[in-house]
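Descriptive analysis of the structure
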Amino acid sequence: MNLNTLSLVNYKNFESQVFDFDAKINCFVGANGIGKTNALDAIYHLAFGKSYFNPIATQNINHNAEFFVVDGHFTKNERTEKIIVSLKRGQKKVIKRNAKVYEKFSEHIGFIPLVIISPADRDLIIEGSDTRRKFIDSVISQSDKSYLTELINYNKVLTQRNALLKYFALNNTFNKDTLAIYNEQLHTYGSEIFKKRAAFLKTFIPIFKARYEAISQSKETIDLTYKSDLFDIELNELLNKTINKDKALQYTSVGTHKDDLIFLIDNFPIKKFGSQGQQKSFLIALKLAQFDFIKQQSGVSPILLLDDIFDKLDENRVAQIIKLVDDAHFGQIFISDTHAERTEDVIKQTHQSYKIFKL
């Protein structure tokens, strides 16, 4: 998988810009605030139809403009693919592949396999379970279309069930039969989601542990644990058991939307007991394992985006990462950094072809 050219119109701080990329390593360098991360985010946008850093779509439009266009020309399995993402204020976002508009954005997910490593990943450790569930879901969804459909359907039913619980409370009423319909649907979709998450983690965790060991060369033991109520009880039974609680809360308090990933170091939460270096190594190992898993499932090397990692890691860890990516296993890589000379010195160690874009 290669991105050959990227064209930006009114995307964030870029009014009009075209990049022609090297097949192996590409570096965006320049001062903070100049748009290095925005360039990476534009590439992410082409793969996922949204920004990695800003969920409010209109805020990705240049302040002085009414629309943005991100246009990418890729080579995948020796075929040329043109992806365009565009958004006009007051209208819906549009994603096109080879001039054909996607009816559903979900149809595009996984077509451009991509992994990003960024300082923003720290949210996986410090934020709530929602962030970690999204990580699991995004990895599985890139290789399993049915999983994404099940997830979308589950969330739709969950919204409807929550609305019904609010309606019951507002109108001082209750209808067991109506609720049972939603319970059954949640059970059907939720059970599949749970099975696929558990199966994914069984494969993913050993890959992750191997990556952590290679990056940190450390003696500590790290682990991921999947936390879900569905290990102990079927979802429909659980929903029936918690109905009084749900009626009082006016929302659904149990289900796969409450699952979590527990990050451990020497059997303690890494959030509290991991040093900054250990946390960074943990997150990078997590993302490189994501890369390995997607490649294993799709047979295609994902595009790898490395945002500002040289500023956030010590030289030893940077050296380990560069050593890892100087491998035929990896395909095209995009890097952002504030220091052009430092970047070039590090990249030269890989003996790969590269381009540097000074912004």
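Keep in mind it's a predicted model, so treat the numbers as computed, not measured. (Residues numbered from 1 in each chain as written. Predicted model: local features only at pLDDT ≥ 70, side-chain atom pairs only at ≥ 80, totals over all residues. Heavy atoms only, no water.)

1. Let's talk about the overall build of the protein
Quick note on the threshold: Only DSSP runs of H or I with at least four residues qualify as helices, and only runs of E with at least two residues qualify as strands; both kinds are numbered from the N terminus onward. Note that the radius of gyration is over C-alpha atoms, with the globule rule given as 2.2 Å times the number of residues to the power 0.38. A simple rule labels every residue: compare its accessible area, found with a 1.4 Å probe on the protein chains alone, to the largest value its type can have, and call it buried under 20%, exposed over 50%, or partly exposed in between. In what follows, residue pairs with any heavy atoms lying within 4.5 Å of each other are defined as contacts.
Broken down by element type, the protein carries 12 helices and 14 strands. At 22 Å, the protein has a C-alpha radius of gyration in line with the 21 Å of a compact globule built from 359 residues. By the burial criterion, 52% of the 359 residues in the protein qualify as buried. The long-range share in the protein, meaning contacts at least 24 apart out of those at least 6 apart in sequence, stands at 72%.

2. Details of the sheet that holds strand β5 (residues 79–88)
Under the convention used in this document: Any two strands are treated as partners once DSSP identifies two or more bridges connecting them. Only the stretch in contact is used when a helix axis is fitted, and all axes are lines through C-alpha atoms; the angle between N-to-C directions ranges over 0 to 180 degrees.
What the six strands build is an open sheet, ordered β2-β1-β4-β5-β6-β7; its pairing is antiparallel. Every interior strand has two partners, whereas the edge strands, β2 (14–20) and β7 (100–101), have only one. Two elements, strand β1 (residues 2–11) and strand β4 (residues 67–76), share seven bridges in a ladder whose sense is antiparallel. Residue pairing in the sheet places Ser-7 in a bridge with Asp-71 of β4. Its contacts with the sheet put helix α1 (residues 36–48) on β1, β2, β4 and β5, and the angle it makes with β1 is roughly 110°.

3. Describing unusual backbone geometry
Positive phi outside glycine occurs at Lys-12, with the angle close to 50°. Tracing the backbone shows Lys-12 in the loop between β1 and β2. Despite not being glycine, Asn-98 has its phi angle at roughly 50°, a positive value. By the secondary structure assignment, Asn-98 is in the loop between β6 (94–97) and β7.

4. Focus: the packing of aromatic side chains
Formally: Here a pair means two rings of Phe, Tyr or Trp (six-membered ring of Trp) with centres within 6.5 Å. Their orientation is stacked below 30 degrees between planes, edge-to-face above 60, and tilted elsewhere. Throughout this description, the term charge over a ring refers to an Arg CZ or Lys NZ atom that lies within 6 Å of the ring centre and within 35 degrees of the ring normal.
One pass over the structure, following the stated rule, counts 25 aromatic pairs. When the ring of Phe-21 is compared with that of Phe-28, the centres are 6.0 Å apart and the planes differ by 90°; the resulting orientation is edge-to-face. Note on accessibility: Phe-21 and Phe-28 belong to one class, buried. Members of the aromatic cluster, joined through ring pairs, are Phe-14, Phe-19, Phe-21, Phe-28, Phe-334 and Phe-357. We note Lys-76 situated over the ring of Phe-111; from NZ or CZ to the ring centre the distance is 4.2 Å.

5. Considerations on the packing of helix α3 (residues 129–141) against helix α9 (residues 276–298)
Relative placement of two packed helices is described by the angle separating their axes and the distance separating the axes. The criterion, for reference: Angles below 35 degrees are treated as roughly parallel, those above 145 as roughly antiparallel, those between 65 and 115 as roughly perpendicular, and all remaining angles as oblique. Crossing handedness: left-handed means the near helix sits turned counterclockwise from the far one by under a right angle, and right-handed means the same turn made clockwise.
For the pair α3 and α9, the least separation of the axes is 10 Å and the interaxial angle reads 25°. Between α3 and α9, the angle falls in the class roughly parallel. Where α3 crosses over α9, the two elements pack in a sense that is right-handed. Judged by residue contacts, Phe-135, Ser-138 and Val-139 of α3 engage Leu-286, Lys-287, Gln-290, Phe-293 and Ile-294 from α9.

6. Quick look at the sheet that holds strand β13 (residues 333–337)
One open sheet accounts for five strands, arranged β8-β12-β13-β3-β14; its pairing is parallel. Strands with a single pairing partner mark the edges of an open sheet, and in this sheet they are β8 (114–117) and β14 (354–358). The average angle at which neighbouring strand axes cross in this sheet is 15°, direction not considered. Its contacts with the sheet place α1 against β3 (25–29), β8, β12 (303–307) and β13, and it is angled at close to 150° to β13. Against the sheet, helix α12 (residues 340–348) contacts β3, β13 and β14, and its axis sits at roughly 175° relative to β14.

7. Some thoughts on the environment of Thr-225
Structurally, Thr-225 can be placed in strand β9 (residues 222–227). By relative accessible area, which is 33% here, Thr-225 ends up partly exposed. Separated by 106 residues in sequence, Thr-225 and Gly-331 have C-alpha atoms that sit 30 Å apart. With sequence-adjacent residues up to four places away left out, Thr-225 is seen in contact with Asp-260, Leu-261, Ile-262 and Leu-264.

8. What to know about the side chain of Asp-337
Quick note on the threshold: Polar contacts, as used here, are pairs of N or O atoms within 3.5 Å; protein pairs need one atom able to donate a hydrogen and one able to accept it. Residues neighboring in sequence count only if both atoms are side-chain atoms.
With respect to the helices, strands and loops of the structure, Asp-337 is situated in strand β13. A polar contact is formed between the side chain of Asp-337 and the side chain of Thr-343, at a distance of 2.7 Å.

9. Concerning the nonpolar core
Heads up, the condition is: Here, nonpolar core refers to any group of buried Ala, Val, Leu, Ile, Met, Phe, Trp, Tyr and Cys residues whose side-chain atoms link them within 4.5 Å.
One finds Phe-204, Phe-208, Leu-224, Phe-263, Leu-286 and Leu-304 to be the most contacted residues of the largest nonpolar core, which totals 69 residues. Counting residues per element, this core draws most heavily on helix α5 (residues 176–216), which supplies 13 residues. When neighbours within four sequence positions are excluded, Leu-286 is seen to be in contact with Leu-124, Phe-135, Phe-204, Phe-208, Leu-224 and Phe-263. If you look at the next biggest cluster of nonpolar residues, it comprises 38 residues, including Leu-3, Phe-21, Val-70 and Tyr-102.

10. Some points on the pattern of salt bridges
Stated formally: Here a salt bridge means any side-chain nitrogen of Lys or Arg lying within 4 Å of a carboxyl oxygen belonging to Asp or Glu.
Applying the stated criterion to the full structure yields 17 salt bridges. One salt bridge in this structure joins Asp-260 and Arg-132, with 2.7 Å as the shortest N-O distance. With Asp-260 in strand β10 (residues 260–265) and Arg-132 in helix α3, the pair connects residues that are 128 residues apart, well separated along the chain. In this structure Asp-260 comes out as buried when scored by relative accessible area, which is 12%. Among the salt bridges present, the one from Arg-211 reaches Asp-292, with a minimum N-O distance of 2.7 Å. Taken as a pair, Arg-211 in helix α5 and Asp-292 in helix α9 lie far apart in primary sequence, 81 residues in all. Accessibility expressed as a relative area gives 12% for Arg-211, which makes it buried.

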